[in-house]
Amino acid sequence: MTRLACILLLLPLCLSAAAEERRSGFQDMAPETQAMQQDDTANPGMLWVLEGETLWNAPAGPAGQPCAGCHGSAESAMRGVAARYPAWDEADAAPIDLAGRIQQCRAARQGAPPLPRESEELLALTAYVARQSRGLPITPPEDPRLDPARAEGRALYTERRGQLDLSCAQCHDENAGRRLAGSAIPQAHPTGYPLYRLEWQSLGSLQRRLRGCMTGVRAEPYAYGALEYVAIELYLAQRAAGMTLEAPAVRP
Amino acid sequence: MARVLLNIPRTARKGEVIAIRTLIQHVMETGYRPGADGEVLPRDIIRRFTASFEGEEVFAADLSPAIAANPFLSFTMVASTTGTLVLRWQGDKGFDQTETREIMVTG
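Residues numbered from 1 in each chain as written. Chains lettered and ligands numbered in written order. Predicted model: local features only at pLDDT ≥ 70, side-chain atom pairs only at ≥ 80, totals over all residues. Heavy atoms only, no water.

A.B. asks: Run through the overall build of chain A, naming residues and quoting values.
C.D. replies: A count of helical and extended segments in chain A gives eleven helices and seven strands. The C-alpha radius of gyration of chain A comes to 19 Å, within 12% of the 18 Å expected for a compact globule of 252 residues. Once the C-alpha set of chain A is aligned to its principal axes, its extents read approximately 70 × 40 × 40 Å. Counting every position in chain A, which comprises 252 residues, the buried fraction comes to 49%. (Helix = DSSP H or I, 4+ residues; strand = E, 2+ residues; numbered from the N terminus. Rg over C-alpha atoms; globule rule 2.2 N^0.38 Å. Buried < 20%, exposed > 50% of the residue type's maximum accessible area, 1.4 Å probe, protein only.)

A.B. asks: Talk me through the overall build of chain B; I want residue IDs and the actual numbers.
C.D. replies: Each helix and strand in chain B was counted, giving zero helices and eight strands. Across chain B, helices and strands are ordered from the amino to the carboxyl terminus as β-β-β-β-β-β-β-β. Counting only C-alpha atoms, chain B reaches 60 × 20 × 20 Å along its principal axes. Taken across its 107 residues, chain B has 41% of its residues classed as buried. A separation of at least 24 residues holds for 56% of the contacts in chain B among residues at least 6 apart in sequence. Accessible surface for chain B amounts to roughly 6000 Å². Of this, 50% is attributable to carbon and sulfur atoms. Distance between charge centroids for chain B: 6 Å, based on 12 positive and 13 negative side chains. (Contact = heavy atoms within 4.5 Å. Areas by Shrake-Rupley, 256 points an atom, 1.4 Å probe, with all protein chains shown as cover. Lys, Arg positive; Asp, Glu negative; His and termini not counted. Charge placed at Lys NZ, Arg CZ, Asp CG, Glu CD.)

A.B. asks: Lay out the side chain of Q132(A) in plain terms, naming residues and giving numbers.
C.D. replies: Residues and elements named next belong to chain A. Relative to the assigned elements, Q132 resides in the loop between helix 7 (120–131) and helix 8 (147–158). A relative accessible area of 12% places Q132 in the buried class. In this structure the side chain of Q132 is engaged in a polar contact, spanning 3.0 Å, whose partner is the backbone oxygen of Y128. In contact with Q132, not counting residues within four places along its chain, are A74, E75, M78, R79 and G80. (Polar contact = N/O pair within 3.5 Å; in protein donor to acceptor, adjacent residues only side chain to side chain.)

A.B. asks: Tell me what's going on with the sheet that holds strand 7 (residues 250–251) of chain A, and back it up with residues and numbers.
C.D. replies: Residue and element names in this part refer to chain A. Read across the open sheet, the three strands follow the order 6-5-7; overall the sheet is mixed. The open sheet has two free edges, formed respectively by strand 6 (202–204) and strand 7, since each of these has just one partner strand. Here strand 5 (residues 195–197) runs beside strand 6; their pairing, made up of three bridges, is antiparallel. In the sheet register, R197 faces strand 6, and the bridge partner there is S202. (Pairing = 2+ DSSP bridges.)

A.B. asks: Describe the state of the cysteines, with residues and values.
C.D. replies: Residue and element names in this part refer to chain A. Scanning the entire structure with this criterion turns up zero disulfides over all chains. Residue C70 stays outside any disulfide, its sulfur separated by 7.5 Å from that of C105, the closest cysteine. A relative accessible area of 56% means that C70 is categorised as exposed. Unpaired in this structure, C213 has its nearest cysteine sulfur neighbour in C168, at a distance of 7.4 Å. (Disulfide = S-S within 2.5 Å.)

A.B. asks: Break down the packing of aromatic side chains for me, citing the residues and quoting the values.
C.D. replies: Centre-to-centre distance and the angle between the planes together describe a pair of aromatic rings. Residues and elements named next belong to chain B. Following the criterion strictly, the structure yields eight aromatic pairs over all chains and no others. Both rings, one in F49 and one in F75, keep their centres 6.3 Å apart while their planes meet at 55°; by these two values the pair is tilted. On the criterion of sequence distance, the pair formed by F49 in strand 4 (residues 46–53) and F75 in strand 6 (residues 72–78) is long-range, its members being 26 residues apart. Across the pair, exposure class does not vary: F49 and F75 are buried alike. (Phe/Tyr/Trp six-rings, centres within 6.5 Å; stacked < 30°, edge-to-face > 60°.)

A.B. asks: Account for the pattern of salt bridges, naming residues and giving values.
C.D. replies: Residue and element names in this part refer to chain A. Across all of its chains, the model carries 24 salt bridges over all chains by this definition. Of the charged contacts in the structure, one is a salt bridge between R101 and D89, with a shortest N-O distance of 3.2 Å. Note that R101 is positioned in helix 6 (residues 98–109) and D89 in strand 1 (residues 87–89), a separation of twelve residues in sequence. Like D89, R101 is buried. (Salt bridge = Lys/Arg side-chain N within 4 Å of Asp/Glu carboxyl O.)

A.B. asks: So what about the environment of I138(A)? Which residues, and what values?
C.D. replies: Mapped onto the elements, I138(A) comes out in the loop between helix 7 and helix 8. For the pair I138(A) and V81(A), spaced 57 residues apart in the sequence, the C-alpha separation amounts to 9.8 Å.

A.B. asks: Describe in detail the packing of helix 10 (residues 206–216) of chain A against helix 11 (residues 227–239) of chain A, supporting the description with residues and values.
C.D. replies: Residues and elements named next belong to chain A. Relative to each other, helix 10 and helix 11 sit at 100°, their axes nearing to 11 Å. Between helix 10 and helix 11, the angle falls in the class roughly perpendicular. Residues L206, Q207, L210, R211 and M214 of helix 10 form the contact with helix 11, whose own contacting residues are Y229, V230, I232, E233 and L236. Taken together, the residues of the contact of helix 10 with helix 11 break down into seven nonpolar, one polar and two charged. (Axes fitted to C-alpha atoms, helices over the stretch in contact; angles between N-to-C directions. Parallel < 35°, antiparallel > 145°, perpendicular 65-115°, else oblique. Nonpolar A, V, L, I, M, F, W, Y, C, P; charged D, E, K, R; others polar.)

A.B. asks: Outline the layout of surface pockets, listing residues and values.
C.D. replies: Residues and elements named next belong to chain A. When its volume is computed, the largest pocket comes out at roughly 1200 Å³. In this structure, the largest pocket is lined by 40 residues; those nearest its centre are H172, A184, P186, R209 and C213. Mapped by element, the contributors of at least two residues to the lining of the largest pocket are helix 9 (168–172), strand 3 (179–180), strand 4 (183–184), strand 5, helix 10 and helix 11. Here the element with the most residues in the lining of the largest pocket is helix 10; it accounts for seven residues. Broken down by class, the residue content of the lining of the largest pocket amounts to 24 nonpolar, nine polar and seven charged. (1 Å grid on protein atoms, 1.4 Å probe; cavity = no way out; pocket = protein on both sides within 12 Å on 5 of 7 lines; lining within 4 Å. Points joined across faces, edges and corners; volume = space filled by probe spheres on them.)

A.B. asks: I'd like a rundown of the pairing of strand 8 (residues 96–106) of chain B, residues and numbers included.
C.D. replies: All names here are of chain B. Pairing analysis gives three bridges linking strand 2 (residues 11–13) to strand 8, with the strands arranged parallel. Pairing of R13 across the sheet is with T106, part of strand 8. One ladder, built from eight bridges, connects strand 7 (residues 83–91) with strand 8; its direction is antiparallel. The partner of G83 across the bridge, within strand 8, is I103. Here strand 7 folds back onto strand 8, and the loop between the two strands holds four residues, one of which, K93, carries a positive phi near 55°.

A.B. asks: Residues and numbers for helix 2 (residues 31–38) of chain A, please.
C.D. replies: Counting along an α-helix, one turn takes 3.6 residues, and residues three or four places apart therefore face a common direction. Residue and element names in this part refer to chain A. Every buried residue of helix 2 is accounted for by T33, Q34 and Q37. Buried residues of helix 2 fall within an arc of 100° about the axis and therefore sit on the same side. Seen from the open side of helix 2, the exposed residues pointing more than 90 degrees away from its buried face are P31 and E32. (Arc of directions from axis to C-beta.)

Now the structure itself:
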């Protein structure tokens, strides 16, 4: 009885301790890589941010309407936007991630040729928009319509997959902080995306990262833009709620 | 034009040692990797970087296929007089890009 009371009393403490122990992948990087991320003239991700700024102001589509034509300055209009994605999309009545929203604005509102996932232009625009939320806490929308997808994301996260028969949770919850071959296993917080990965020698999206983890366990990855990814992104954002956005980050 | 990120002081005191840091967007394709079709991708790298101040070369580097994409190069120089720093990257496929910056030297 006393023991039970103790456990019940301790539970909130344990939960808050666990919350404090959340670590961004940034914290486990070599000091040189951290320095690279924090210096805007050494962070290669800033090359895409510059490109994104140009695209933001470039006329596109039949009306020649740039993103800035409707949204104005990204510094104010896009501040905090990346921090609350994925969000609910009224038009499709489905969850949508930031890159998906930009694709949608580009195709439906600008009437310009669609930008494929992982294209340089879409990465650049996403990096530019995400950059406007750097330093802000991740604030997932309190929209109950997102709950089913969040639950699906959680299920996908804990489901074993691939020839290695491993779940995301087995690596990122049960073995985070340990090493897998040469790499530290991070807690898989989506704080830095899109980010510059030294191994890719390029900027890449969170979906590219997730595909990498899926092929890593020899599972068939979903196609880019699949709802399964958006569901996982939603769950990861929930798990990382309150953590600071650092896009465009650098990772090994 | 490739995008560049430059960290160069606009002003310096006479005799001060200043750090010049450069990052340029470039694939640095090694010439050894097969592409999606199995054919080896032709080499496409920056081969040489030079920096001159008021017409005099102050730093130069030869780059090789082992260097990662978007190469970061940094060097130091002594600020002697006010003048123009010219940075130039040259490479395969006729790659040739120049950036210039004024450095104001006081004292």
